[in-house]
Amino acid sequence: MTEQFEFTTTEATKLTAEAGDLSGVFGEDVRADATQIIGRYPESRSALLPMLHLVQSVQGYVSAEGIQFCAEQLALSTAEVSAVATFYTMYKRKPCGQHLVSVCTNTMCATLGGDAIYRKLGEHLGVGHDETAGTPGEEGSITLEHAECLAACDFAPVLQVNYEYYDNQSPEQALELVKALQRGEKPAPTRGPALSDFRGAERQLAGFFDDLESTVAGPSAAVETVRGAQLAHERGWIAPSMPDDVELPPLPEKK
Ligand code: FES
């Protein structure tokens, strides 16, 4: 996701300038996780995206310390890390609530009620885009954001909590969901694993599945999504095969 980009050079400079001693924030366990992430890639700099997720799993956002930690671990400059961290909206520049609620307001969802859902939740929480109701990180705190297409148009209107899907929502259903989150409950997503919290989701995005079985449990495929494949199967439709003699561009040399 790369929408609503309003980060200024001044903010980026501030992010890189505020970091101090990191050992109190990123202890031995986090450094061990970082080593494991870096080991997955032939070039350490390739580990930056999961490293930023690891930082968010610790602090709930990408802080100045987080920028410096990534830079040190990956032998990058803080400017290089900041440039990446401020490009993607999944990297938060201020502390996130216990839960991140992302309401799709892109065309399909907006037409079918996404705008109304976003308005309803904003009124209830008393916040706007990228703002948090409650104290960030504390139980029941909610960060609200409107999101571009969440790649689930066949279930529109959808919202996500910590990137897990709640399909075919109405404003009333969405409101009940958010009220439950504020009470400390974790209603089951429509698809996918049980709901965690923002930091737990970030740990998974860093590539750590501490309880793999429960992480992969839960329904994934949905009738709407596989309907096209089913129809094609029933009717014997297949995609044209790839010719064997297509000349492919040469692979870039590995550095
Ligand atoms: S427009 Fe909302 S998921 Fe695609």
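Per chain, residues are indexed from 1 in the order of the written sequence. The predicted origin of the model limits local features to residues at a pLDDT of at least 70 and limits the giving and counting of side-chain atom pairs to 80 or more, whereas totals for whole chains, interfaces and linings rest on all residues. Calculated side-chain values reflect all of the structure's heavy atoms, with hydrogen atoms and water omitted.

*Asks:* Just checking my understanding: could you explain the pairing of strand E1 (residues 99-104) for this structure?
*Replies:* Successive residues of a regular strand alternate their side chains across the two faces of the sheet. Relative accessibility thresholds used throughout: buried, under 20% of the residue-type maximum; exposed, over 50%; partly exposed, between the two (1.4 Å probe, protein chains only). Only runs of H or I of at least four residues qualify as helices and only runs of E of at least two qualify as strands under DSSP, and these elements are numbered from the N terminus. Burial analysis of E1 places six of its six residues in the buried class, which makes it a mostly covered element. Alternating residues of E1 divide into His 99, Val 101 and Val 103 and Leu 100, Ser 102 and Cys 104, and every residue in both groups is buried. Between any two strands, pairing holds if DSSP finds at least two bridges. Direction of pairing for E1 relative to strand E3 (residues 142-147): parallel, over a ladder of six bridges. In the sheet register, Leu 100 faces E3, and the bridge partner there is Thr 143. Bridge count for E1 against strand E4 (residues 159-161) is three bridges, and the pairing is antiparallel. Bridge assignment links Ser 102 to a residue of E4, and that residue is Gln 160.

*Asks:* Sorry if this is basic, but what is going on with the pattern of salt bridges here?
*Replies:* Once their charged atoms are close, side chains differing in charge can pair, the charge on each being opposite to the other. The term salt bridge refers to a side-chain nitrogen of Lys or Arg lying within 4 Å of a carboxyl oxygen of Asp or Glu. Within this structure, the stated rule accounts for six salt bridges. Connected through shared salt-bridge partners, Asp 33, Arg 203 and Asp 210 make up one network.

*Asks:* What exactly am I supposed to notice about the domain arrangement of the protein chain here?
*Replies:* Much of the literature gives interface size as the accessible area that the parts lose upon coming together. Partitioning the protein chain into domains gives domain 1 (9-85) and domain 2 (99-205). Where each domain begins and ends follows an automated or database-derived domain assignment. Computed from C-alpha coordinates alone, the two centres of domain 1 and domain 2 are separated by 27 Å. Each of two parts loses accessible area, computed with a 1.4 Å probe, when they are put together; buried area is these two losses added. Taken together, the two surfaces of domain 1 and domain 2 that pack against each other cover about 620 Å², and 47% of this comes from carbon and sulfur. Counting the surface domain 1 buries against domain 2, the share from its top three residues, His 53, Gln 56 and Ser 57, is 60%. Inspection of the region where domain 1 meets domain 2 yields one salt bridge. As a salt-bridge pair, Arg 203 and Asp 33 come within 3.0 Å of each other at their nearest N and O atoms. In protein, a polar contact means a hydrogen-donor-capable atom and an acceptor-capable atom, both N or O and within 3.5 Å, with residues adjacent in sequence counting only if both atoms are side-chain atoms; elsewhere, any N or O pair within 3.5 Å suffices. Inspection of the region where domain 1 meets domain 2 yields five residue pairs in polar contact (both at pLDDT 80 or more). Of the residues in the side of domain 1 that touches domain 2, the class split is three nonpolar, five polar and one charged. Under the scheme applied, nonpolar residues are Ala, Val, Leu, Ile, Met, Phe, Trp, Tyr, Cys and Pro; charged residues are Asp, Glu, Lys and Arg; polar residues are all the others, including Gly.

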